Amino acid sequence: MKKIFCFLLVLFCFSPIFAANTNWNFSDSSEIRKTLVEKWFEAPLSAVRMNLPEIHNNPAGEKFQVRLEESDSTYNIFVSPQTKIKVDVYSDTGKETVEQDVYPGDAPGSWVLIKDKRTDKILRMRYYFQKDSEVFVQFTPSGKTAFADLVIFGNYAAKGVPTGVPFTTFYSASFDKVTNITKHSLPWNYVTVDQTLYHSVLQMAAVIQERLPGILYAPNAMYDENGDLVQISSGKPFEGIHTEDSRMMLSSAGFVKWIADGLVEPIAGGRIKREPLLQETVQVKETGLQGSLSQKYNLFFSLDWIRNLASAVISVYTGKTYKFNQSGVDVTINPFASTISPTGVANVVTFVENSGYSVDVLKSLLYVLATTEPSTIYFGAIRETDRTVSPEVKVFNQCVAFLPYFATDGSFNAYVFMNGRSISLEEFCNIYSESFVYLTRVKASERFFPQEK
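Not measured: the values here are computed from a predicted model. (Residues numbered from 1 in each chain as written. Predicted model: local features only at pLDDT ≥ 70, side-chain atom pairs only at ≥ 80, totals over all residues. Heavy atoms only, no water.)

Colleague: Can you walk me through the nonpolar core in this structure?
Modeller: Side chains of a nonpolar character, in soluble globular proteins, are inclined to be buried together. Phe379 and Phe402 are the most contacted members of the largest nonpolar core, which totals 128 residues. Sort the elements by how many residues they give to this core and strand β20 (residues 393-406) lands first, with ten residues. Setting aside residues no more than four positions away along its own chain, Phe402 makes contact with Leu362, Leu366, Ile377, Tyr378, Gly380, Tyr415, Val416, Leu425, Phe428, Val437 and Leu439. Grouped together as the second largest cluster of nonpolar side chains are seven residues, Ile114, Tyr128, Phe136 and Tyr156 included. (Core = buried A, V, L, I, M, F, W, Y, C linked by side-chain atoms within 4.5 Å. Buried < 20%, exposed > 50% of the residue type's maximum accessible area, 1.4 Å probe, protein only. Helix = DSSP H or I, 4+ residues; strand = E, 2+ residues; numbered from the N terminus. Contact = heavy atoms within 4.5 Å.)

Colleague: Got a minute to help me understand the environment of Glu134 in this structure?
Modeller: If you trace the backbone, Glu134 turns up in the loop between β7 (122-128) and β8 (135-142). The exposure class of Glu134 is partly exposed, given its relative accessible area of 43%. Each C-alpha atom of the pair Glu134 and Asp106 lies 8.6 Å from the other, and the pair is 28 residues apart in sequence.

Colleague: Explain the environment of Arg33 here, please?
Modeller: Within the fold, Arg33 resides in helix α2 (residues 30-33). Counting along the chain gives 23 residues from Arg33 to His56, while the straight-line C-alpha distance between them is 9.6 Å. Not counting residues up to four positions away in its chain, the partners in contact with Arg33 are Asp28, Phe41, Val79, Trp111, Tyr127, Phe170, Tyr171, Ser172, Ala173 and Ser174. Here Phe170 takes part through its backbone oxygen, which lies 3.5 Å from a polar atom of the side chain of Arg33. (Polar contact = N/O pair within 3.5 Å; in protein donor to acceptor, adjacent residues only side chain to side chain.)

Colleague: Where do I start with the pairing of strand β23 (residues 436-443) in this structure?
Modeller: Every regular strand shows the same layout, with side chains that alternate between the two sheet faces. Burial analysis of β23 places six of its eight residues in the buried class, which makes it a mostly covered element. Here two bridges tie strand β18 (residues 356-358) to β23, and the two strands are oriented antiparallel to one another. Across the sheet, the residue bridging to Ser358 is Phe436, located in β23. The pairing of strand β19 (residues 376-386) with β23 spans eight bridges and is classified as antiparallel. In the sheet register, Thr376 faces β23, and the bridge partner there is Lys443. (Pairing = 2+ DSSP bridges.)

Colleague: Would you mind going over the pairing of strand β2 (residues 63-70) with me for this structure?
Modeller: The pairing of strand β1 (residues 54-57) with β2 spans four bridges and is classified as antiparallel. Paired with His56 across the two strands is Phe64, which belongs to β2. Counted along the chain from β1 to the antiparallel partner β2, the turn is five residues long, and its residue Gly61 has a positive phi close to 85 degrees. As consecutive antiparallel partners, β2 and strand β3 (residues 74-81) are separated by three residues.

Colleague: What should I look at first to understand the pattern of salt bridges in this one?
Modeller: Once their charged atoms are close, side chains differing in charge can pair, the charge on each being opposite to the other. On inspection of all chains with the given rule, the structure shows 13 salt bridges. The salt bridge involving Glu54 is made with Lys39; its shortest N-O contact spans 2.4 Å. Of this pair, Glu54 sits in strand β1 while Lys39 sits in helix α3 (residues 37-41), and the two are 15 residues apart along the sequence. On the basis of relative accessibility, which here comes to 17%, the residue Glu54 falls in the buried class. In this structure, Glu70 engages Lys117 in a salt bridge whose closest nitrogen and oxygen atoms are separated by 3.0 Å. Taken as a pair, Glu70 in strand β2 and Lys117 in the loop between β6 (111-116) and β7 lie far apart in primary sequence, 47 residues in all. Since its relative accessible area comes to 25%, Lys117 is described here as partly exposed. Each of Arg49, Glu70 and Lys117 takes part in a single network of salt bridges with overlapping partners. (Salt bridge = Lys/Arg side-chain N within 4 Å of Asp/Glu carboxyl O.)

So far we have only geometry, and geometry alone does not tell us how the molecule works.
Below is the structure:
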């Protein structure tokens, strides 16, 4: 009995140290922040300016810096964890690499209070908890309580959600306490990351990248179920200018089919047929503008293509034939209530039927999809606007493949493959900033063997 008592005594003595590290794997400053309220958080700017930066240790011995930073209209009080970076130091004797202590204001575990410079009014406080600093939770005062916002790359997954607790609670609340207070009101599943779930996505991306030098972009080109190069529009043999080239020739649509074929052939022993991919999936009124235009243009080509393509993959996976409207391949979620624009916060309708998503929200959307649907890849149809004709024509012509993932350090990214090449997500968003993209989903697989010429 005496031994048990001693063990419990030791356990309680050391429990604050264990508690100092949150379940989210970053250092916690809650105990430090309890001591800073009067001197830093509630003091006027004139008094805070007199404070020199301070270094504090939490109960686990981890260092945090408390400091003031000013902008034109606001000032920030940071409580930031220590991080070490390697710096090259050059001297007469050569180069030496040394470690340097830094305290980033947006690193996981960092906390910041933002106040108005003119009035000293508290505007908001923010917790950073992910490797990507554009993902954070913040609280704004509302009377005697606080409202919560969850922000993902400039888009609000939740905005102005009542917490029911005083704003001052968050002066000293740990991040675990924050998640507990808001566990039923904020969509934490959108930002909860398990980096171990993306091996199949990364393996597929590696195989695709390895094969890219052997692919040449050619309009209207694809490989049919027999592995023969044919025209998408007619199914006839392709007679392009580069038919003697040793590389595979693929159009935008042919390229994403090549990816899909690499998923189904190891299971079915064959590739996807061309004709079913061209079946129409959108009905428009014949008397309306789109109906009139559809008599001249194939307005929904790439949308039809990716819906039918993803449905074909699902059909092979399940052993049951699905049409697009039965397969559940369309991505139609609406995870964002509003967005941060240059002119302020604007309400948004994230998903638009038969149009998809504005490219402005694509990075945020892929982040949410990567957390909620890990090990999934997405075929995209790009809806562009042709303003050279009157009236303007909105048309789905091009296809793209997105492979979102989280790296081992927790940072988010996505491989983007289009027209037989790889581009960055940022580059894609810049090129198609005024466009929409429609997404369909298929499960990634480690059994991925795309065709070689």
